[in-house]
There are 2 protein chains.
Amino acid sequence: MGYFRPTIEQMSGYTPGFQPKSPDVVKLNTNENPWPASPKVLETIKGLMAENLRRYPDPAGDAFRTAAAEVLGVKTENIICTNGGDDLLNICVRAFCDAERALAFAQPTYSLYPVLAKMQECPCVEIARNGAGSLDELAEADAALTIVCNPNAPTTDFLSIQVLGQLARRLSGVLLIDEAYVDFTPDNAIRLTRQFDNVIVLRSMSKGYSLAGIRFGFGIASPGLIEGLMKVRDSYPVDAVAIAAATAAISDQAHFKANVEKVKSERMRLTASLRLLGFNVGESQTNFILAQHSNAEAIYTGLIKNNIYVRYFKLPGLHDKLRITVGTPQQNDQLLAALKNILDIRQGKI
Amino acid sequence: MGYFRPTIEQMSGYTPGFQPKSPDVVKLNTNENPWPASPKVLETIKGLMAENLRRYPDPAGDAFRTAAAEVLGVKTENIICTNGGDDLLNICVRAFCDAERALAFAQPTYSLYPVLAKMQECPCVEIARNGAGSLDELAEADAALTIVCNPNAPTTDFLSIQVLGQLARRLSGVLLIDEAYVDFTPDNAIRLTRQFDNVIVLRSMSKGYSLAGIRFGFGIASPGLIEGLMKVRDSYPVDAVAIAAATAAISDQAHFKANVEKVKSERMRLTASLRLLGFNVGESQTNFILAQHSNAEAIYTGLIKNNIYVRYFKLPGLHDKLRITVGTPQQNDQLLAALKNILDIRQGKI
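Residues numbered from 1 in each chain as written. Chains lettered and ligands numbered in written order. Predicted model: local features only at pLDDT ≥ 70, side-chain atom pairs only at ≥ 80, totals over all residues.

1. A word on the overall build of chain A
Part 1 of the reasoning: In terms of regular secondary structure, chain A is built from 14 helices and twelve strands.
Part 2 of the reasoning: On C-alpha atoms alone, chain A measures out to a radius of gyration of 21 Å, which is about the 20 Å that the 2.2 N^0.38 rule sets for 350 residues.
Part 3 of the reasoning: By its C-alpha atoms, chain A is 65 × 50 × 50 Å across when sized along the principal axes.
Part 4 of the reasoning: Here chain A, with 350 residues, has 55% of them falling under the buried criterion.
Part 5 of the reasoning: A separation of at least 24 residues holds for 73% of the contacts in chain A among residues at least 6 apart in sequence. (Helix = DSSP H or I, 4+ residues; strand = E, 2+ residues; numbered from the N terminus. Rg over C-alpha atoms; globule rule 2.2 N^0.38 Å. Buried ≥ 20, exposed ≤ 12 C-beta atoms within 10 Å, placed from the backbone. Contact = placed C-beta atoms within 7 Å.)

Given below as structure tokens:
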């Protein structure tokens, strides 16, 4: 049409995982937590009044910042609330990158990063991911913004906080550690935000806290970084209901921890079962599993016919793998039964 | 600190109106609707289940698009849902503007526009607002994106849809008509989106629908424009609760219309009363009033001491004016009583 910037005209945008509208499917494709949020979240939402909806929300989401600061051992001024973790990624790319200021990350990783770079028309340094080895290359690239997804999606592995600290020290730009999946690991990078004024930790309420529906993410960083990011974000990025829900969720640590343990336990069982079926599966530190199989694409299609949705990326390094969200025991059983059936048919057993 | 893009480092960001946390104030500073949303909104929210929160929301907000399309006489594919109207403004500036592609608008208007231009580092053509006369200058500027706020904030006047159509025809770029306040006028520009493929109409659920707390805006345009804007927006810009609430609100047109009539009736009374107090007040087509007085700043400060908040902009053309949201009859009475008192003291009457 010619109305758009040429870059926008040419790009295809980020493709989110398919969101089937029917509740009647086994949905293991977008890494939601299979267990519900704390009952206190629904209680809080049901207690809201028309007055809470009528007025603009608190611009900074201070109720959440205060609750999160206490849980995470940081201060309110170390936290910025965003409309999902993606919003923070977007804000950071806009705050730090331009035609002269690059974004760097190691591939494969979250497929939104290159889309954001494209939109911002900043140079994009994409290094082949090779565990902690890629960090050396990232340090040498020394981009204005370096993103490390940790644990990484979709590879599920976790880099030690120590090596990330070494990277932060070597960078003259900002290191954004995308911890969307950190709830399912034993360690996290928050302590680096106290040691380094160039580290931002991204968190999401969508995974461990079972609140993908409300779009709530946040960043943790030095007050100087937070202050600058506040200028780039929307005036009211998070709404009144989302603030109330997220605050209730992060305040119920007992429920959160119990849910996380259930996911971890099923992750272990699913990993072992997939290996028995012939998949090559690494140890996941997330709430999903990356399962390698030479017939990945055909299996993916076969699962859809069984009303089971997992994620398949037709991309270099990923075309022979399925990304499978850890579901409830029942969902995982349905998946395993369907996989066994599909593989038996392929091998001519039935 | 040097981590940010120089532009971000230097800019001061948009300053939203003060949001007092105490419910114990007369809050007439951010143009919220003084009456509550349809009871069906709260009913809908209270009926939500943990499952609605656990899963990602529908990426496009189709339930709302369908309901809004029916109410507004357009098609689903003509609508994009955004995290408040500001989100749509941001998306449009990112989609259409860059160093070579300007943003144009007439001042004074919504103070977010120049902030977005600054962030995008695009040329910003700012014309002095002079009713329909400014449209000629905007047509001559022929920017990649032209924004006309109609009715205009904070001047409260309304340009005819006919002259906006003439502007759309003359522009080779996109015309965004910001109708955040259109609920309080007798006409609107939706028909232009059928006649011109370069027109986007912005709408908000924050004003007429009393839902400022949930952050829900939307755009109406030709399918070609909507498709391009979808690439620039967040993958899940509106959350599950907001979609449900906004859908319930727009579906209850009877409640909406009754609320709007109440605002209009108080707008008339408040306008007349302010004139009697010596303010110079134009006919407002919005849910707020721009009241001119040589002692505007002192009156603003005096009102705060009475726990009454209105908006004051220390800007050219606005430094002698107060922007006053139309409140409930009781709130307006409190405001008028306080104003009378402040003015009496100033005039040495008490």
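Past the structure itself, the notes keep going.
2. Section: the sheet that holds strand E6 (residues 174-178) of chain B
Residue and element names in this part refer to chain B.
Part 1 of the reasoning: The seven strands lie next to each other as E2-E8-E7-E6-E5-E3-E4, forming an open sheet whose pairing is mixed. Of all the strands in the sheet, just strand E2 (79-82) and strand E4 (124-128) have a single pairing partner and so form its edges. Neighbouring strand axes in the sheet, compared pairwise and without regard to direction, differ in orientation by 25° on average.
Part 2 of the reasoning: Two elements, E6 and strand E7 (residues 199-204), share four bridges in a ladder whose sense is parallel. The residue bridging Leu176 from the neighbouring strand is Ile200, located in E7.
Part 3 of the reasoning: Against the sheet, helix H10 (residues 223-232) engages E2, E7 and strand E8 (217-220), with an angle of about 30° to E2. (Pairing = 2+ DSSP bridges. Axes fitted to C-alpha atoms, helices over the stretch in contact; angles between N-to-C directions.)

3. What about the domain arrangement of chain A?
Residues and elements named next belong to chain A.
Part 1 of the reasoning: Entries for chain A in the domain assignment read domain 1 (6-36 + 254-346) and domain 2 (39-252).
Part 2 of the reasoning: In this structure, domain 1 and domain 2 have C-alpha centres spaced 24 Å apart.
Part 3 of the reasoning: Counting from both sides, the interface comprises 28 residues of domain 1 and, opposite them, 24 residues of domain 2.
Part 4 of the reasoning: Looking at the side of domain 1 that touches domain 2, the elements with two or more residues in it are helix H12 (253-276) and strand E10 (288-292).
Part 5 of the reasoning: It is H12 that provides the largest number of residues to the side of domain 1 that touches domain 2, a total of seven residues.
Part 6 of the reasoning: In terms of residue class, the side of domain 1 that touches domain 2 is made up of 13 nonpolar, twelve polar and three charged. (Domains from an automatic or database assignment. Nonpolar A, V, L, I, M, F, W, Y, C, P; charged D, E, K, R; others polar.)

4. Topic: the packing of helix H5 (residues 85-96) of chain A against helix H10 (residues 223-232) of chain A
Residues and elements named next belong to chain A.
Part 1 of the reasoning: Where H5 meets H10, the axes come as close as 9 Å, and the angle between the chain directions of the two elements is 100°. Here H10 runs roughly perpendicular to H5, going by the angle between their axes. The segment H5 lies against H10, with Ile91, Arg94 and Ala95 engaging Gly228, Leu229 and Val232.
Part 2 of the reasoning: For the contact of H5 with H10, a count of residues per class yields four nonpolar, one polar and one charged. (Parallel < 35°, antiparallel > 145°, perpendicular 65-115°, else oblique.)

5. A short note on the relation of the copies chain A and chain B
Part 1 of the reasoning: Superposing chain A onto chain B takes a rotation of 180° plus a shift of 0.0 Å along the axis, which leaves an RMSD of 0.0 Å. Within this description, the copies of the chain are treated as partners about a two-fold rotation axis. Judged by C-alpha distance, A:Lys46 is the residue of chain A that lies nearest the rotation axis, at 2.4 Å.
Part 2 of the reasoning: In this assembly, 100% of the residues forming the interface of chain A have copies in chain B that are likewise at the interface, indicating an isologous arrangement. (Least-squares fit on C-alpha atoms with pLDDT ≥ 70 in both.)

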